[in-house]
Amino acid sequence: MTLKDIGEFGFIEKISRGCFIRSQNILKAIGDDAAAFTTKADEVILITTDMLVERVHFLRNTTSGFNLGYKSLAVNLSDIAAMGGTAKEAFVSIAIPEACPLEYLEDLYRGIKSLAAEFDINILGGDTTGSKTDLIINISVVGAVPEKEILYRHTAQPGDIIFSTGCLGDSRAGLQLILNKTVADSEELKALFNAHILPWPYLEEGRFLAHQGGVHAAIDVSDGLSSDLGHIIRESNAGARLYAEKIPVSKNLQKFCTRFDADPLEYALGGGEDYMLLCTISPDKADSVARDYLKKFGQPIYPIGEITDSGETELVFPDGRIKSVAPSGWNHFKIPASRLLFVH
Ligand SMILES: Nc1ncnc2c1ncn2[C@@H]1O[C@H](COP(=O)(O)OP(=O)(O)O)[C@@H](O)[C@H]1O
Ligand SMILES: Cc1ncc(C[n+]2csc(CCOP(=O)(O)OP(=O)(O)O)c2C)c(N)n1
Ligand SMILES: [Mg+2]
């Protein structure tokens, strides 16, 4: 069976199965001119949207439909996580090239639905169109957060300790493997590949952090540490000091960098698509929040520096040298030539 056989409406009917998994608060799911749901009085509604475009965000022949669907939802959930929220409803819009097999699309929806089920999220609607060449997926997610606990980018304060929920730079190394067509022939290369293909949305972690007193600001790392921390300091009229040796880099990335003669710090600062959360915590609460986080999730949050009032990001090296760090992460319209080159 192909898309031609079932047409637009047959496709929608097919992928609708399994989209509606939680009936609470929902008046209308897929099947009308708009979805309808009620909201709770004591919650603020969050809405976010992100688009994945073939050849810009992924290469179709290097990712399964399932993994692409998973990632398309994960990157949106990451934005809800960065606001401290709970994700509730998702909307999936897709532009499909004629030659894209129906099986690939069904697999893509399996990926979306599988991650949605993990977080009890309904798919309440979307849009389906044809595309002349590339596959494009746009997902929007509706979430909610108690008003007093919402985490913004603009509320970091000088003296706050900056934390990351995990290692940075792995995703960039995974992308490098894909672009170079390097076979992931070892456990560490497989882990880097997976970090790029299947990023984990830190939703429960973001909700937990937002609920703790003293967590002032947060953002997720989609473009790269230097760029995303740059958003926090610009929006907060502040600065930042990072300690090079404290930036968490996985053993896998270290081995990769030894093998391919690359600098892990560059990957961590400019890589992007890590989807770790960066948060800033007041110094008097930092230790207790970090301790409680470790107790709850069995994983540490990593202190990587502090917020200053300098208006820039400085990087301090173990020998005391200090370097000013410009945003070096992903920018859709400013891609440095080095980004287009392969490691080897
Ligand atoms: N084309 C657009 N029209 C309106 N708002 C946009 C557009 N693109 C991005 N934005 C908004 O700009 C802000 C920054 O976007 P972005 O850098 O994509 O954030 P994120 O990394 O969280 O996805 C967000 O508030 C987003 O909704
Ligand atoms: C084929 C391919 N080339 C390059 C990249 C790298 N890349 C594409 S977009 C991006 C940044 C994140 O995407 P964006 O659309 O900026 O997400 P947002 O910041 O809006 O969440 C990166 C690192 C990739 N994932 N795949
Ligand atoms: Mg975005």
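The rules behind these values
- Residues numbered from 1 in each chain as written.
- Chains lettered and ligands numbered in written order.
- Predicted model: local features only at pLDDT ≥ 70, side-chain atom pairs only at ≥ 80, totals over all residues.
- Heavy atoms only, no water.
- Helix = DSSP H or I, 4+ residues; strand = E, 2+ residues; numbered from the N terminus.
- Pairing = 2+ DSSP bridges.
- Right-handed = clockwise from strand over helix to strand, strands pointing away.
- Near = heavy atom within 4 Å.
- Polar contact = N/O pair within 3.5 Å; in protein donor to acceptor, adjacent residues only side chain to side chain.
- Areas by Shrake-Rupley, 256 points an atom, 1.4 Å probe, with all protein chains shown as cover.
- 1 Å grid on protein atoms, 1.4 Å probe; cavity = no way out; pocket = protein on both sides within 12 Å on 5 of 7 lines; lining within 4 Å.
- Sits in = over half its atoms within 2 Å of the grid points.
- Nonpolar A, V, L, I, M, F, W, Y, C, P; charged D, E, K, R; others polar.
- Domains from an automatic or database assignment.
- Contact = heavy atoms within 4.5 Å.
- Points joined across faces, edges and corners; volume = space filled by probe spheres on them.
- Buried area = accessible area lost by both parts, 1.4 Å probe.
- Salt bridge = Lys/Arg side-chain N within 4 Å of Asp/Glu carboxyl O.
- Axes fitted to C-alpha atoms, helices over the stretch in contact; angles between N-to-C directions.
- Expected span 1.5 Å × (residues − 1).
- Buried < 20%, exposed > 50% of the residue type's maximum accessible area, 1.4 Å probe, protein only.

## A closer look at unusual backbone geometry
The residue D261 is not glycine, and still its phi comes out positive at about 55 degrees. Within the secondary structure, D261 is located in the loop between α8 (251-260) and α9 (264-270). Of note, the phi angle at Y275 is positive, near 60 degrees, even though the residue is not glycine.

## Some thoughts on the pairing of strand β4 (residues 86-97)
Inspection of the sheet shows β4 paired to strand β6 (residues 136-146) by 9 bridges, in the antiparallel sense. Directly across from E89, in β6, lies its bridge partner V142. Two elements, β4 and strand β5 (residues 122-131), share 9 bridges in a ladder whose sense is parallel. Note on β5: the bridge partner recorded for E89 is N122. Viewed along the sheet, the connection from β4 through helix α3 (residues 102-118) into β5 turns out right-handed.

## Considering the site of ligand 2
Near ligand 2 lie 13 residues; those nearest to it are D50, H57, S222, E273 and H332. At a separation of 2.7 Å, an oxygen atom of ligand 2 approaches a polar side-chain atom of S222. Contact distances for ligand 2 include 3.0 Å between an oxygen atom and a side-chain N or O atom of D223. Surface burial for ligand 2 is 86%, taken as the share of its 590 Å² of free accessible area covered by protein chains. Given that more than half its atoms are within 2 Å of the pocket grid, ligand 2 belongs to the largest pocket. Of the residues contributing to the shell around ligand 2, the split by class is 5 nonpolar, 5 polar and 3 charged. Of the residues that make up the shell around ligand 2, three or more belong to each of domain 1 (3-149) and domain 2 (161-339).

## So, the side chain of S250
With respect to the helices, strands and loops of the structure, S250 is situated in the loop between β9 (239-243) and α8. Here the side chain of S250 touches L253 through a polar contact of 2.9 Å, landing on its backbone nitrogen. Other than its neighbours up to four places away in sequence, S250 contacts C167, D170 and L192.

## Comments concerning empty space enclosed by the protein
Here the structure, examined in full by the defined rule, presents 1 cavity of 30 Å³ or more. What lines the largest cavity is a set of 14 residues, among which N25, T38, T39, K88 and E89 lie closest to the centre. When residues of the lining of the largest cavity are traced back to their parent elements, those giving at least two are β3 (43-53), β4 and β6. Ranked by residue count, the leading element in the lining of the largest cavity is β6, at 3 residues. Classifying every residue of the lining of the largest cavity gives 4 nonpolar, 5 polar and 5 charged.

## Concerning the domain arrangement of the protein
Quite often, the size of an interface is put as the accessible area lost when its parts meet. By domain assignment, the protein separates into domain 1 (3-149) and domain 2 (161-339). The straight-line distance from the C-alpha centre of domain 1 to that of domain 2 is 26 Å. Opposite the 26 residues of domain 1 that make contact, domain 2 presents 24 residues. Summing both partners gives a buried area of about 2,100 Å² for domain 1 against domain 2, and 61% of it is carried by carbon and sulfur. Together, K71, F119 and E149 form the three largest contributors to the area buried by domain 1 at its contact with domain 2, with a combined 26%. Between K71 and E273 there is a salt bridge, with its nearest N and O atoms 2.9 Å apart. The tally of links between domain 1 and domain 2 comes to 7 residue pairs in polar contact (both at pLDDT 80 or more). Listing elements by their share of the side of domain 1 that touches domain 2, those giving two or more residues are α2 (65-82), β4, α3 and β6. Looking at which element gives the most residues to the side of domain 1 that touches domain 2, the answer is α2, with 11 residues. Among the residues making up the side of domain 1 that touches domain 2, the classes are represented as 14 nonpolar, 8 polar and 4 charged.

## Things to note about the sheet that holds β3
Strands sit in the order β3-β6-β4-β5 across an open sheet of 4 strands; the sheet is mixed. A strand with exactly one partner marks an edge of an open sheet, and here the two such strands are β3 and β5. Between one strand axis and the next, the sheet turns by 15 degrees as a mean value, whatever way the strands run. Taken strand by strand, α3 contacts β4, β5 and β6, and its axis lies near 170 degrees from that of β4.

## Some thoughts on the layout of surface pockets
Each pocket or cavity is described by its volume, and for the largest pocket that value is around 850 Å³. As for the largest pocket, its lining consists of 39 residues, of which V56, H57, E273, W330 and H332 are closest to the centre. Elements with a minimum of two residues in the lining of the largest pocket: β3, α2, α4 (170-180), α5 (187-197), β8 (215-220), α7 (225-235) and α11 (337-340). In terms of residue class, the lining of the largest pocket is built from 18 nonpolar, 10 polar and 11 charged. Per-domain counts for the lining of the largest pocket show at least three residues from each of domain 1 (3-149) and domain 2 (161-339).

## Points about α3
The first and last C-alpha atoms of α3 sit 25 Å apart over 17 residues, in line with the 24 Å expected at 1.5 Å per residue. Within α3, the full set of buried residues consists of L102, Y104, L105, D107, L108, Y109, G111, I112, K113, L115 and A116. In this structure, the buried side of α3 is in contact with α1 (3-16), α2, β4, β5 and β6. Positive phi appears at D120, one or two residues downstream of α3, with a value of about 60 degrees.

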